[in-house]
Amino acid sequence: MESILKDFYRVEKLSNDDSGNFTAEIKLNPSHNIFKGHFPGNPVTPGVCMMQIVKDLTEKCTAEKLFLKSASNVKFMSVINPEENPDLMIQLNIKTEENIIKVKSTTLFGETIALKMSAQYQKIP
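All residue numbers here refer to positions counted from 1 along the written sequence of the relevant chain. Local features in this predicted model are restricted to residues of pLDDT 70 or higher, and side-chain atom pairs are both shown and tallied only at a pLDDT of 80 or more, whereas totals for entire chains, interfaces and linings draw on every residue. Heavy atoms throughout the structure, all of them, feed into the side-chain values; hydrogens and water do not.

### Comments concerning the sheet that holds strand S2 (residues 21–28)
Worth spelling out the cut-off: One requirement defines pairing of two strands: DSSP has to find at least two bridges between them. Runs of H or I in DSSP of at least four residues are treated as helices and runs of E of at least two as strands, each being numbered from the N terminus. Fitted lines through C-alpha atoms serve as axes, helices being fitted only where they are in contact, and the angles separating the N-to-C directions of these axes extend from 0 to 180 degrees.
Spatially, S1-S2-S4-S5-S6-S3 is the arrangement adopted by the six strands of the open sheet, whose pairing is antiparallel. Looking along the sheet, the strands with just one partner apiece sit at the ends: strand S1 (9–16) and strand S3 (66–76). Ignoring which end each strand starts from, the neighbouring axes of this sheet average 20° apart. Bridge count between S2 and strand S4 (residues 87–97): seven bridges; the pairing is antiparallel. Directly across from Ala24, in S4, lies its bridge partner Ile90.

Below, the structure is given as structure tokens:
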């Protein structure tokens, strides 16, 4: 499944422990056009893009096409400058209940937490 964030990031590694816990290592593309406008001379990874990455990874982990039904406890805790911190680790805990996929995620660079989020996705047939 291709992301709407074409060339914004790439998945370097994706692993799971067979109990619904996944860890993804991704690398942001600091030269992507998004960063030219957000913000010139001081690039910041947009929060909506961080949330889209979580959705993309959840689709990859579940092999399902998904629609964001709700997000709660969305906490942007640190700014991600793609020039200084292009390498991110995203931890996902994924639970499936019928057509709903519940995800708790944490996005980090190094030891710094950048985003914590809980989301519910609806499977798209």
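Having seen it, we continue.
### Points about the environment of His32
For clarity, the threshold we go by: Between buried and exposed lies partly exposed: a residue is buried under 20% and exposed over 50% of the maximum accessible area for its type, with that area taken using a 1.4 Å probe on protein chains only. Contacts: residue pairs with any heavy atoms within 4.5 Å of one another.
Within the secondary structure, His32 is located in the loop between S2 and helix H1 (33–37). Judged by relative accessible area, which is 14%, His32 ranks as buried. Between the C-alpha atoms of His32 and Val54, which are 22 residues apart in sequence, the distance is 18 Å. Non-local contacts of His32, meaning those with residues more than four positions away in its chain, are made with Lys6, Asp7 and Phe8.

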